[in-house]
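# Coordinates in review
One-letter residues, chain by chain:
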Protein chains: 2
Amino acid sequence: MESKKFLLTEADIPTAWYNVQADMPSAPAPMLNPATGAPMTADDLYPLFARECARQELNTTDRWITIPEPVRDMYRIWRPTPLVRARGLEKALGTGAHIYFKNESVSPVGSHKLNSAIAQAYYAKEEGVTNLTTETGAGQWGAALSMAARHFGIDLAVYMVKVSYHQKPYRRSIMQTYGAEVIASPSMSTRAGRKIITDTPNHQGSLGTAISEAVELAMSTPGCKYALGSVLNHVSLHQTVIGLEAERQMEMAGEYPDVVIGCFGGGSNFSGIAFPFLRHNFSGERSTRFIAAEPESCPKLTRGKMRYDYGDEAGYTPLIPMLTLGHAFAPANIHAGGLRYHGAGAVVSKLKADGLIDAVDIAQLETFEAATLFARSEGIIPAPESSHAIAAAIREARRADAEGAAGRVILFNLSGHGLIDMASYDRYYAGDLADYTVPDSQIDAETAGLREV
Amino acid sequence: MESKKFLLTEADIPTAWYNVQADMPSAPAPMLNPATGAPMTADDLYPLFARECARQELNTTDRWITIPEPVRDMYRIWRPTPLVRARGLEKALGTGAHIYFKNESVSPVGSHKLNSAIAQAYYAKEEGVTNLTTETGAGQWGAALSMAARHFGIDLAVYMVKVSYHQKPYRRSIMQTYGAEVIASPSMSTRAGRKIITDTPNHQGSLGTAISEAVELAMSTPGCKYALGSVLNHVSLHQTVIGLEAERQMEMAGEYPDVVIGCFGGGSNFSGIAFPFLRHNFSGERSTRFIAAEPESCPKLTRGKMRYDYGDEAGYTPLIPMLTLGHAFAPANIHAGGLRYHGAGAVVSKLKADGLIDAVDIAQLETFEAATLFARSEGIIPAPESSHAIAAAIREARRADAEGAAGRVILFNLSGHGLIDMASYDRYYAGDLADYTVPDSQIDAETAGLREV
């Protein structure tokens, strides 16, 4: 019987992260200090982020960055994760393609987010930080950082988008079980929050309000730093353990991916699976296709504009050169909360603009159809976010069949399981979900006035 | 750095289950046909169960029963599961004991229940069964059988205790995502259900009502069989993959357990971890202690009577020689729904009566305290059921320290994660949970009139 899972041992957990910035044929434009318009320096970032995270953010020279042993030790709680040949899905599709997935859903919090949460909490601890703040939308990032902060003995305050705080009580409970303080945002605990609440009494919150509150708390509290779960270079860096493990596991399977797919919100899991394989495209050894799968209702990679934009709605962050729908863009209320973000990180935006990676946008109903097929054929109920990658993989398998390309190798990242997202599945089966296409006029209006990169 | 996880490969998944009935020094009394009072035969069980399950149930001679290759193949979706040295918990306790846990929570449905669900669905399929029925309380068993039945192309109807159906909508959704039909019990779909509803219009259901409905549907529908998730011998048999893997993994760790612990509802996960190690006690090679950890509010092993009793409240099943609180015993509404069962299987009851295993009963608040400590020190939020095993392991570690027994090796089974049980944690942190001790008079009254074994 052929192997289904390809398993590494603890000794095989990568010892260094892969820094794609060192290898890019053409570097992205620098982030800008919004006050001065000058390129951001590590000194500009220090007040907000742990020092080492700020350094990694701007590191364009070191290809490999050593994973500190305490981080690697904590990775051993669940890493290495399995690479799985999706024979059940292949059979259900009747495809001749070979479909593999990297199963990041086996982490104790159910997603890949721990890979960076642990690193960020570790660096904070090493630098004497006593408190961290962050924001969370659906709650995956908040849950991961809660676990990591507790492990390193750091207190954590999570600003959770108010509508999620009430609609996703399980994720809130998970954070509290790990000992984090969870505050529904907008809240009365910050100046920014108070202003929003007094201006708009029933404001249900957004990532923008939550980031503003978390940043304000970090900036106004000695010993306190801020941590972000996606978009930034150092977060993508930490996630490359996914692709580095997958690379070795594909070797065990005796294949190499023709197509690599990740769902796309801010970029953390896509970058994690893609960048290590992308380096072999850079070197000319390979010509793998990379596909970022984003929601039709939040199509920054497929339809966004390349502009300098803020990372948050309130405009507190540096200006990032990004494919964006505008920092005030309000995505339709799709259930893949982790993908409802207006922009892509600078590196992914640049790679997309240079034609080194592709993107597809996928309608909500197609993602739930794919999720159901996957659950019934592979046994794992995927997170709504990850279902975008599954749907893209199914499209690619069908394309391979149409092209007569039997044996084409498709690899996607299963970034998380959906066991805490069952309410979304309920709504899908009840017929309560719909697709939503963003009008061009909205994208034009939201990005008007932003400076071109 | 010493290893934290001990991982096997797919080739190490056991090829045979261990049948403890072949090795017991003293066999349990037979189950009785309630109509005739005669010992049950396989022929009595066939109408209800798949033929091979009925055979396994009564097999007292074959020590090893080959795991069919399609079952083993499906085990490969998540097996072998990790054995973990709980160094974080050891440190948090400051104990000199060595604590290990077998992590069955990594299954796609989050618990060990799949080990038997797959086997039962496979045998049913092989025998031409088109439909299965079962009952579920908290939903772990129902979710597992839903996934397994879908895999083998069998339709499944799950009678879910009505109060859980409404309180645990995520577990219901999981079953539906796998394609099962889920009916709140009592329902109008069976004679038994209609009678209960008309007699007691607001009946919230119990495992008793759900078993009655599932059994009635199976008995009255051609091609339909019934599957049970615990209590019976063939279910315990299938769960022995847990202990067999753990045995090899303890060898990798270079240790052998002095104490083996599982939480206890009907016996499936306790038997799974314990029986393979118990065989070395039978042979005289070892003298490991075995501890079944049950809720204080449902103390059949520590305080129940050894009687012939029904497996269900309505009295439709064979009479089982069991430690029981009486088949009409209504446990307090503790949150470990999977442990709210009135009796223990015949084999475990006999082993306990013969002094070959021990049991402890643990108060609810102690289990949540243990669960929180475990989540914060090991990173995994445990199911409320599994938290009973954790609490018992913590007691044993403290006992070892008190006895000066540094290096005592304690192994427990983490039967499932708690990510779908966060509402229980919420109530614990809110101070809404309490302990409940069953009065002797209640046990005496509920077991009065039952025939002694």
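Keep in mind the model is a prediction, meaning the values are calculated, not measured. (Residues numbered from 1 in each chain as written. Chains lettered and ligands numbered in written order. Predicted model: local features only at pLDDT ≥ 70, side-chain atom pairs only at ≥ 80, totals over all residues. Heavy atoms only, no water.)

## A word on the overall build of chain A
- In terms of helices and strands, chain A carries 19 helices and 15 strands.
- For 453 residues, the compact-globule estimate of 2.2 N^0.38 gives 22 Å, and the C-alpha radius of gyration of chain A, at 20 Å, lies within 12% of that figure.
- With the C-alpha coordinates aligned to their principal axes, the bounding extent of chain A is approximately 60 × 50 × 45 Å.
- Partitioning the intrachain contacts of chain A with sequence separation of at least 6 by distance along the chain shows that 76% fall at a separation of at least 24.
- For chain A, the accessible area works out to roughly 14,900 Å², and carbon and sulfur atoms hold 49% of it.
- Once the 41 positive and 50 negative side-chain charges of chain A are each reduced to a mean point, those two points are 2 Å apart. (Helix = DSSP H or I, 4+ residues; strand = E, 2+ residues; numbered from the N terminus. Rg over C-alpha atoms; globule rule 2.2 N^0.38 Å. Contact = heavy atoms within 4.5 Å. Areas by Shrake-Rupley, 256 points an atom, 1.4 Å probe, with all protein chains shown as cover. Lys, Arg positive; Asp, Glu negative; His and termini not counted. Charge placed at Lys NZ, Arg CZ, Asp CG, Glu CD.)

## Topic: the pairing of strand β5 (residues 98-103) of chain A
Residues and elements named next belong to chain A.
- The buried count for β5 comes to five of six residues, which makes it a mostly enclosed element.
- Two elements, β5 and strand β15 (residues 409-414), share six bridges in a ladder whose sense is parallel. By the bridge assignment, isoleucine 99 is partnered in β15 with isoleucine 410. (Buried < 20%, exposed > 50% of the residue type's maximum accessible area, 1.4 Å probe, protein only. Pairing = 2+ DSSP bridges.)

## Digging into the pattern of salt bridges
- Applying the stated rule across the entire model yields 50 salt bridges over all chains.
- Glu10(A) is the partner of Lys5(B) in a salt bridge, and the nearest nitrogen-oxygen pair spans 3.6 Å. Residue Lys5(B) is found in strand β1 (residues 5-6), and its partner Glu10(A) is found in the loop between β1 (5-6) and β2 (16-18); the two belong to separate chains. Judged on exposure class, the residue Lys5(B) and its partner Glu10(A) are both buried.
- Notably, a salt bridge pairs Asp12(B) with Arg248(B), separated by 3.4 Å at the nearest N-O pair. You can see Asp12(B) sitting in the loop between β1 and β2 (16-18) and its partner Arg248(B) sitting in helix α12 (residues 241-253), a full 236 residues away along the chain.
- The class for Asp12(B) is buried, based on a relative accessible area of 18%.
- Through salt bridges with shared partners, a single network forms among Lys5(A), Glu10(B), Asp73(B) and Arg76(B). (Salt bridge = Lys/Arg side-chain N within 4 Å of Asp/Glu carboxyl O.)

## A closer look at the packing of aromatic side chains
- Scanning the entire structure with this criterion turns up 31 aromatic pairs over all chains.
- Consider the rings of Tyr425(B) and Tyr429(B), whose centres lie 6.4 Å apart with planes at 35°: the pair is tilted. Placement of both Tyr425(B) and Tyr429(B) in helix α18 (residues 422-429) is noted, with a separation of four residues, approximately one turn of the helix.
- The ring of Tyr18(A) is capped by Arg279(A), whose NZ or CZ atom sits 5.6 Å from the centre of that ring. (Phe/Tyr/Trp six-rings, centres within 6.5 Å; stacked < 30°, edge-to-face > 60°. Lys NZ or Arg CZ within 6 Å of the ring centre and 35° of its normal.)

## Quick look at the sheet that holds strand β8 (residues 181-185) of chain B
Residue and element names in this part refer to chain B.
- Taken in spatial order, the four strands make up an open sheet running β8-β7-β6-β9, and their pairing is parallel. Sheet topology places β8 and β9 (224-226) at the edges, where each strand pairs with a single neighbour. Adjacent strand axes in the sheet meet at a mean angle of 25°, parallel and antiparallel pairs treated alike.
- Two elements, strand β6 (residues 131-136) and strand β7 (residues 155-161), share six bridges in a ladder whose sense is parallel. (Axes fitted to C-alpha atoms, helices over the stretch in contact; angles between N-to-C directions.)

## Focus on the environment of Gly407(B)
All names here are of chain B.
- Here glycine 407 is to be found in the loop between α17 (386-402) and β15 (409-414).
- Taking the C-alpha atoms as reference, glycine 407 lies 9.7 Å from alanine 397; in sequence the two are ten residues apart.
- Residue contacts for glycine 407: discarding those within four places in its chain leaves Gly96, Ala97, His98 and Asp258.

## Re the interface of chain B and chain A
- Contacts between the two partners involve 43 residues from chain B and, on the opposite side, 42 residues from chain A.
- Together chain B and chain A conceal approximately 3,800 Å² of surface at their shared face, both sides included; 58% is due to carbon and sulfur atoms.
- If you sort the residues of chain B by the area they bury against chain A, Tyr170(B), Thr177(B) and Arg376(B) come out on top, with a joint share of 19%.
- Applying the counting criterion to the chain B and chain A interface returns four salt bridges.
- In this assembly, chain B and chain A are joined by 16 residue pairs in polar contact (both at pLDDT 80 or more).
- Every element with two or more residues in the side of chain B that touches chain A is listed here: α3 (69-75), α6 (140-151), α8 (169-177), α16 (364-378) and α18 of chain B.
- No other element matches the seven residues that α8(B) contributes to the side of chain B that touches chain A.
- Of the residues that constitute the side of chain B that touches chain A, the class distribution is 21 nonpolar, eight polar and 14 charged. (Buried area = accessible area lost by both parts, 1.4 Å probe. Polar contact = N/O pair within 3.5 Å; in protein donor to acceptor, adjacent residues only side chain to side chain. Nonpolar A, V, L, I, M, F, W, Y, C, P; charged D, E, K, R; others polar.)

## Here's the deal with α8(B)
Residues and elements named next belong to chain B.
- With seven of nine residues buried, α8 lies mostly within the body of the structure.
- All buried positions along α8 are accounted for by Tyr170, Arg171, Arg172, Ser173, Ile174, Met175 and Thr177.
- Where α8 terminates, the next one or two residues include glycine 179, which has phi positive at roughly 100°.

## Observations concerning unusual backbone geometry
- Here the residue pair Arg79(B) and Pro80(B) is connected by a cis peptide bond, since its omega of -5° sits within 30 degrees of zero.
- Residue placement: Pro80(B) occurs in the loop between α3 and β4 (83-85).
- The omega torsion of the bond from Ser185(B) to Pro186(B) falls at 5°, within 30 degrees of zero and hence cis.
- You can see Pro186(B) is positioned in the loop between β8 and α9 (191-199).
- Although it is not a glycine, Val231(A) adopts a positive phi angle of roughly 70°.
- The residue Val231(A) is located in the loop between β9 (224-226) and α11 (233-239) in this model.
- The exposure class of Val231(A) is buried, given its relative accessible area of 8%.

## Focus on the side chain of Ser236(A)
- Mapped onto the elements of the fold, Ser236(A) is located in helix α11.
- The exposure class of Ser236(A) is buried, given its relative accessible area of 8%.

## Side note on the confidence of the model for chain A
- On average, residues of chain A score 94 in pLDDT, and 99% of them reach the 70 mark or higher.
- Quick note on the complex model: pTM equals 0.93, ipTM equals 0.90. (pLDDT = per-residue confidence, 0-100.)

## A look at helix α10 (residues 207-219) of chain A
Residue and element names in this part refer to chain A.
- Over its 13 residues, α10 runs 18 Å from end to end, which matches the ideal 18 Å to within 8%, given 1.5 Å per residue.
- Of all 13 residues in α10, ten are buried, a share of seventy percent or more.
- What α10 keeps buried is the set Gly208, Thr209, Ala210, Ile211, Ser212, Glu213, Ala214, Val215, Glu216 and Ala218.
- In this structure, the buried side of α10 is in contact with β6 (131-136), β7 (155-161), β8 (181-185), α9 (191-199) and β9. (Expected span 1.5 Å × (residues − 1).)

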